[in-house]
Amino acid sequence: MTLRKNYGSDTYTCPANETPTTNGNCYAKKNGASISQMKHYKSSACLSCELFKKCTKNAKGRLIERSQYADFIYQNKVRIQNNYETYRRRQAIVEHPAACPALCKRVIKRQWDFYYIMTTKTIKRAAADVGLIFTAYNLRRIFNLIDHNLLKQYLRILALYFVMLRAIFNPLYGLFYFNNHQRLLPE
């Protein structure tokens, strides 16, 4: 049996045209690791309703539980239905979320068998270990996205830029280092 939300008021309408209402309080409901705030809707007319047995198995009557974000979820659903092709195209063009820690963590744990960190003595060492793992992950993504010959060409050009920059900055660095080094010497 389906209920209809009355958007002018904070109520619902049941199939028997009764109006379950809420007392306005939100209740915490644990949902795995997260806790959601829920509102309860109920009606005293439930117990004497002729649709009672079809509507619920609860001896105290039908209890409707809705998230505090139910209206926003519904509005989003309507937007998606009204602009289905736009959302579908958007889903197709989104690239792999390399910055998404949950996805990276899942790939690294399941596909690469990194269920543990080897260096656990200090947080710095563990961070270095995780940094190396994520660097390897990002390199693997680059290898999958870019053709190997094109990547080699990019790396050659990048190396050429570094050689040119070094040739430009080496004489300047020598002057800067020499001047600073003389200032530090005692007179």
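So, here is what we can say about the structure in this document.

## Observations regarding the overall build of the protein
Okay, step 1: Of regular secondary structure, the protein possesses six helices and five strands.
Okay, step 2: For the protein, buried positions account for 15% of its 187 residues.
Okay, step 3: Once local pairs closer than 6 in sequence are excluded, the contacts in the protein between residues at least 24 apart make up 36%.

## Things to note about the sheet that holds strand β5 (residues 64-67)
Backbone-to-backbone hydrogen bonds pair the strands of a sheet. The strands run either parallel or antiparallel.
Okay, step 1: Across the sheet, which stays open at both edges, the three strands sit in the order β3-β4-β5 with antiparallel pairing between neighbours. At either margin of the open sheet sits one strand with a lone partner, and together these are β3 (26-31) and β5. Averaged over all neighbouring strand pairs, the angle between strand axes comes to 45 degrees, with direction disregarded.
Okay, step 2: Across four bridges, strand β4 (residues 34-41) lies against β5 in antiparallel orientation. Residue pairing in the sheet places Tyr41 in a bridge with Ile64 of β5.

## Examining helix α5 (residues 123-145)
Okay, step 1: An ideal rise of 1.5 Å per residue puts 33 Å on 23 residues; α5 measures up with 32 Å between its terminal C-alpha atoms.
Okay, step 2: When α5 is considered as a whole, its buried residues turn out to be Ala126, Asp129, Ile133, Tyr137 and Arg141.

## Observations regarding the pattern of salt bridges
Okay, step 1: Counted under the stated rule, the structure contains one salt bridge.
Okay, step 2: Ionic pairing is found between Glu65 and Lys29, a salt bridge with its closest N-O pair at 2.8 Å. With Glu65 in strand β5 and Lys29 in strand β3, this residue pair connects regions lying 36 residues apart in the sequence.

Rules behind the numbers
- Residues numbered from 1 in each chain as written.
- Predicted model: local features only at pLDDT ≥ 70, side-chain atom pairs only at ≥ 80, totals over all residues.
- Heavy atoms only, no water.
- Helix = DSSP H or I, 4+ residues; strand = E, 2+ residues; numbered from the N terminus.
- Buried < 20%, exposed > 50% of the residue type's maximum accessible area, 1.4 Å probe, protein only.
- Contact = heavy atoms within 4.5 Å.
- Pairing = 2+ DSSP bridges.
- Axes fitted to C-alpha atoms, helices over the stretch in contact; angles between N-to-C directions.
- Expected span 1.5 Å × (residues − 1).
- Salt bridge = Lys/Arg side-chain N within 4 Å of Asp/Glu carboxyl O.

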